[in-house]
Amino acid sequence: MRNRSHRSRSVLAAVAAAALLGVAACDSGGGDPASPGGSTRARPSPKPPLWDRSPDSVAAVGDSITRGFDACSVLSDCPEVSWATGSDPRVGSLAVRLLGTAGAAERSWNYAVTGARMADLPGQMERAAARKPELVTVMAGANDACRSSASAMTPVADFRAEFQEAMGTLRAALPRTQVYVSSVPDLKRLWSEGRGSPLGKQVWKLGICPSMLGDADSLNAAATLRRSQVQDRVKAYNQVLREVCAKDRRCRFDGNAVFDYRFGTDQLSHWDWFHPSRDGQARLAEIAYRTVTAREPVS
């Protein structure tokens, strides 16, 4: 009897010890002592990334470059070759690369206007926002520099205020829509490349970017100073685009990739030797796609 009682007490002690170990294991594994039975809390769902590398719809705002101006015929828009939303397979627009041909036809919209300046962007943003796009592309600023003279260019402070207003217009309607911002192209390089074309210089005389292209063959001090002033203003505009975009978590600037791109004669319209050709539009689409789909924003 004594031996049996001793064995019983040993078994009970072992069971109790095992139970205590089980409770300790539960607590160390993250059990919630405040919940019934110490059940484990459900883990919160991971937050969606701030930047979606495959947005499902695209709206474009901006100026003549985004309208494909002079890419197909002289002094005419050709939106089908637009780097942002065009359907031409030789261009492979950003919308086609992101959405496919059918998707781009249904879910991309081009609100750019030839001749538009930054002051026109808030109105374009308002129209674009009505479509509720997941991505808006911005290419604007060239016409703010391309004025009748260097003194007529948009002041940098005004340019900043207008771009901020445009971003504010979009954000008031669509807080989560992503924005891709292209830098303004290097207008001085476009003059340098196109001035060898007699046809191009005749078209320039019709009023294309007089501040840079006027008196195209002159290399005197006044003409050189004027072009340098335009060049400096474009650089200042690009700095504004970078800074304003950097303050918005769902905005990506191209890191001056368009400004730095070395457009050659193959990338320029053979009507005016200034606006992008189909090939130039394709290069713009490549830059945009690379920026939008990158894992990290361009520094």
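Residues numbered from 1 in each chain as written. Predicted model: local features only at pLDDT ≥ 70, side-chain atom pairs only at ≥ 80, totals over all residues. Heavy atoms only, no water.

### Some thoughts on the nonpolar core
Here comes step 1: Within the largest apolar cluster, 67 residues are counted, with the highest numbers of intra-cluster contacts made by Trp83, Val138, Phe163, Val181, Leu187 and Phe274.
Here comes step 2: The element that contributes the greatest number of residues to this core is helix α9 (residues 221–246), accounting for 7 residues.
Here comes step 3: Excluding its chain neighbours within four sequence positions, the residues that come into contact with leucine 187 are Ala142, Ala145, Cys146, Cys209, Met212, Val230, Gln231, Val234 and Phe274. (Core = buried A, V, L, I, M, F, W, Y, C linked by side-chain atoms within 4.5 Å. Buried < 20%, exposed > 50% of the residue type's maximum accessible area, 1.4 Å probe, protein only. Helix = DSSP H or I, 4+ residues; strand = E, 2+ residues; numbered from the N terminus. Contact = heavy atoms within 4.5 Å.)

### Quick word on the sheet that holds strand β2 (residues 108–110)
Neighbouring strands of a sheet are bound in pairs by backbone hydrogen bonds; such pairs are parallel or else antiparallel.
Here comes step 1: Strand order in this open sheet of 5 strands is β2-β1-β3-β4-β5, and the pairing throughout is parallel. Two strands close off the open sheet at either side, each with one partner strand: β2 and β5 (251–253). Pairs of neighbouring strands in the sheet enclose a mean axial angle of 15°, with direction left out of account.
Here comes step 2: Its contacts with the sheet place helix α2 (residues 94–107) against β1 (58–62), β2 and β3 (135–139), and it is angled at close to 90° to β2.
Here comes step 3: Across the face of the sheet, helix α5 (residues 156–173) comes into contact with β3, β4 (178–181) and β5 while running at roughly 155° to β4. (Pairing = 2+ DSSP bridges. Axes fitted to C-alpha atoms, helices over the stretch in contact; angles between N-to-C directions.)

### Examining the pairing of β1
Here comes step 1: Taking burial as the measure, the 5 residues of β1 include 5 buried ones, the bulk of the element.
Here comes step 2: What you see with β1 is no split at all: Val58, Ala60 and Gly62 on one side and Ala59 and Val61 on the other are buried throughout.
Here comes step 3: Bridge count between β1 and β2: 3 bridges; the pairing is parallel. The residue of β2 that forms the bridge with alanine 59 is tryptophan 109.
Here comes step 4: Chirality of the crossover, the property in question, places the unit of β1, α2 and β2 among those that are right-handed. (Right-handed = clockwise from strand over helix to strand, strands pointing away.)

### Here we look at the state of the cysteines
Here comes step 1: Enumeration according to the criterion identifies 3 disulfides in this entry.
Here comes step 2: Here cysteine 72 engages in a disulfide with cysteine 78; their sulfurs sit 1.9 Å apart. With the S-S bond torsion at -65°, the cross-link from cysteine 72 to cysteine 78 turns out left-handed.
Here comes step 3: Cysteine 72 sits in the partly exposed class, given a relative accessible area of 27%.
Here comes step 4: Disulfide partner of cysteine 146: cysteine 209, at an S-S distance of 2.0 Å. (Disulfide = S-S within 2.5 Å.)

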